[in-house]
Amino acid sequence: MKVTILGVRGSIPTDGPECCEFGGATSCILVEAGGQAIYLDAGSGLLRAPDTGAADVSILISHSHMDHILGLPLSPILLSKKRLDLYMAKRDGLSAEEQLACLMAPPLWPVGVERYPAEVIFHDLELPLQIGDVAVRGMESNHPGGSTIFRLDHNGRSLVYATDYEHSEEKNRELIAFAHDTDLLLYDAQYTDEEYARMKGFGHSTIAEGMKVFERSGAKRVLFVHHDPRHPDVKLREMEAALKGKNAALARAGEVIEL
Ligand SMILES: [Zn+2]
Ligand SMILES: [Zn+2]
């Protein structure tokens, strides 16, 4: 299983010399396994989608908040002639296709998905599901409007993608069991403890809470994602300093991890 971090910024993209180490593109992770190229979220990191050759291409979207879909309109995937299977849970009575049409239709965007070269097949997410030999499971996150946490398993290797997640005792218990023994946990740590005290209910978590889940789940490694757009590299490095030697770090765009 090969994991490529394409975007780990939360809420809205950012740019500038002060954020080039961790990257300013929003949520997008590529997982390659068993002839499948599976993107987790379609934030602006999707603009850097690499050529995955003959692999079947799918996108699993956690939820349709803007930062998780805004890479689609100019993504190399939609601009190619490939087939794309796009999965997203129904929310607010809207199908995956209807949710995307909120962004990709006039007046917000000049054309709909149907005008692109790619053949897009929409799926209202139902879990568990199989994408080729990759098993996909999910659990509902704790996030305003809802969000899906994914677990991908292939050939004895696995990853859990828990973004847009706010901890609670009950949800942590569920997530600890869901992430049991996984090789890689990606966990939302948008806020410092201080910020979280002011941002309760916004649907995001902290490194301290993520470390609890990580240590209790038996996961082998944790990478923190959904970095706050107001945190420059220097701040993120400061937040990361205490994690040395704990198989824990803040994810950086461009990072490639072989599991
Ligand atoms: Zn988000
Ligand atoms: Zn969200």
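Placed above this text is the structure.
Rules and cut-offs
Residues numbered from 1 in each chain as written. Chains lettered and ligands numbered in written order. Predicted model: local features only at pLDDT ≥ 70, side-chain atom pairs only at ≥ 80, totals over all residues. Heavy atoms only, no water. Donors = N, O, S within 2.8 Å, 3.2 Å for Na, K, Ca; no water. Tetrahedral: all angles 85-135°; square planar, octahedral: opposite > 155°, others 65-115°. Helix = DSSP H or I, 4+ residues; strand = E, 2+ residues; numbered from the N terminus. Buried < 20%, exposed > 50% of the residue type's maximum accessible area, 1.4 Å probe, protein only. Contact = heavy atoms within 4.5 Å. Salt bridge = Lys/Arg side-chain N within 4 Å of Asp/Glu carboxyl O. Pairing = 2+ DSSP bridges. Axes fitted to C-alpha atoms, helices over the stretch in contact; angles between N-to-C directions.

Colleague: If you had to explain the coordination of the zinc ion (ligand 2) to someone new, which residues and values would you point to?
Modeller: Here the zinc ion (ligand 2) is held by the protein donor atoms His63 (NE2), His65 (ND1), His143 (NE2) and Asp164 (OD), which lie 2.1 to 2.4 Å from it. Coordination at the zinc ion (ligand 2) is irregular: its 4 donor atoms span angles of 90 to 170° at the metal. Site description for the zinc ion (ligand 2): donor spacing in sequence, H-x1-H-x77-H-x20-D. Here the zinc ion (ligand 2) and the zinc ion (ligand 1) are spaced 3.6 Å apart, and both take aspartate 164 as a donor. A residue pair is termed long-range when its members are at least 10 positions apart, and histidine 65 in the loop between strand 4 (56-61) and strand 5 (83-88) and aspartate 164 in the loop between strand 10 (157-162) and helix 2 (169-178) qualify at 99 residues. Of the residues examined, histidine 65 reaches a relative accessible area of 34% and is grouped as partly exposed. The exposure class assigned to aspartate 164 is buried, which follows from its relative accessible area of 1%.

Colleague: Go over the coordination of the zinc ion (ligand 1), please, and point to the residues and values.
Modeller: Protein coordination at the zinc ion (ligand 1) comes from Asp67 (OD), His68 (NE2), Asp164 (OD) and His226 (NE2), with a distance range of 2.1 to 2.3 Å. Between the 4 donor atoms coordinating the zinc ion (ligand 1), the angles at the centre fall across 91 to 169°, so the site counts as irregular. Counting residues between consecutive donors of the zinc ion (ligand 1) along the chain gives the motif D-H-x95-D-x61-H.

Colleague: Could you give me a rundown of the environment of arginine 83, with the residues and numbers involved?
Modeller: With respect to the secondary-structure elements, arginine 83 resides in strand 5. On the basis of relative accessible area, arginine 83 is assigned to the partly exposed category, the value being 44%. Spatially, the C-alpha atoms of arginine 83 and leucine 250 are 33 Å apart, while their sequence positions differ by 167 residues. Contact partners of arginine 83, with chain neighbours within four places excluded, come to Val57, Glu119 and Ile121.

Colleague: Outline the pattern of salt bridges, supporting the account with residue identities and numerical values.
Modeller: As enumerated under the stated definition, the model contains 14 salt bridges in all. Its salt-bridge partner being glutamate 209, residue lysine 212 comes within 3.1 Å of it at the nearest N-O pair. Residue lysine 212 and its partner glutamate 209 are both found in helix 4 (residues 207-217); the two are separated by 3 residues, about one turn of the helix. Note that aspartate 228 is salt-bridged to arginine 230, the shortest N-O span being 2.9 Å. For aspartate 228, a relative accessible area of 2% puts it in the buried group. A relative accessible area of 59% places arginine 230 in the exposed class.

Colleague: Quick one: what's the story with the pairing of strand 3 (residues 36-40), residue by residue and with numbers?
Modeller: Across the 5 residues that make up strand 3, a large majority, 5, are buried. Of the two faces of strand 3, the one holding Gln36, Ile38 and Leu40 and the one holding Ala37 and Tyr39 are both buried throughout. Note that strand 2 (residues 28-33) and strand 3 share 5 bridges and pair antiparallel. Directly across from valine 31, in strand 3, lies its bridge partner isoleucine 38. Where strand 2 folds back on strand 3, the antiparallel hairpin that results is connected by 2 residues, among which glycine 34 adopts a positive phi of roughly 50°.

Colleague: Give a description of the pairing of strand 12 (residues 222-225) that names residues and reports values.
Modeller: By the alternation rule, side chains of strand 12 split into Val222 and Phe224 and Leu223 and Val225, which are all buried. Summarising the sheet, strand 11 (residues 184-188) and strand 12 pair through 4 bridges and their orientation is parallel. In the sheet register, aspartate 188 faces strand 12, and the bridge partner there is valine 225.

Colleague: Go over the sheet that holds strand 12, please, and point to the residues and values.
Modeller: Here 7 strands make up an open sheet; going across it, the order is 7-8-9-10-11-12-13 and the pairing mixed. In the strand order of this sheet, the two ends are held by strand 7 (129-131) and strand 13 (248-250), each with one partner. Taken over all neighbouring pairs, the strand axes of this sheet differ in orientation by 20° on average, direction set aside. With respect to the sheet, helix 2 is in contact with strand 8 (134-140), strand 9 (148-154), strand 10 and strand 11, its orientation differing from that of strand 8 by roughly 170°.

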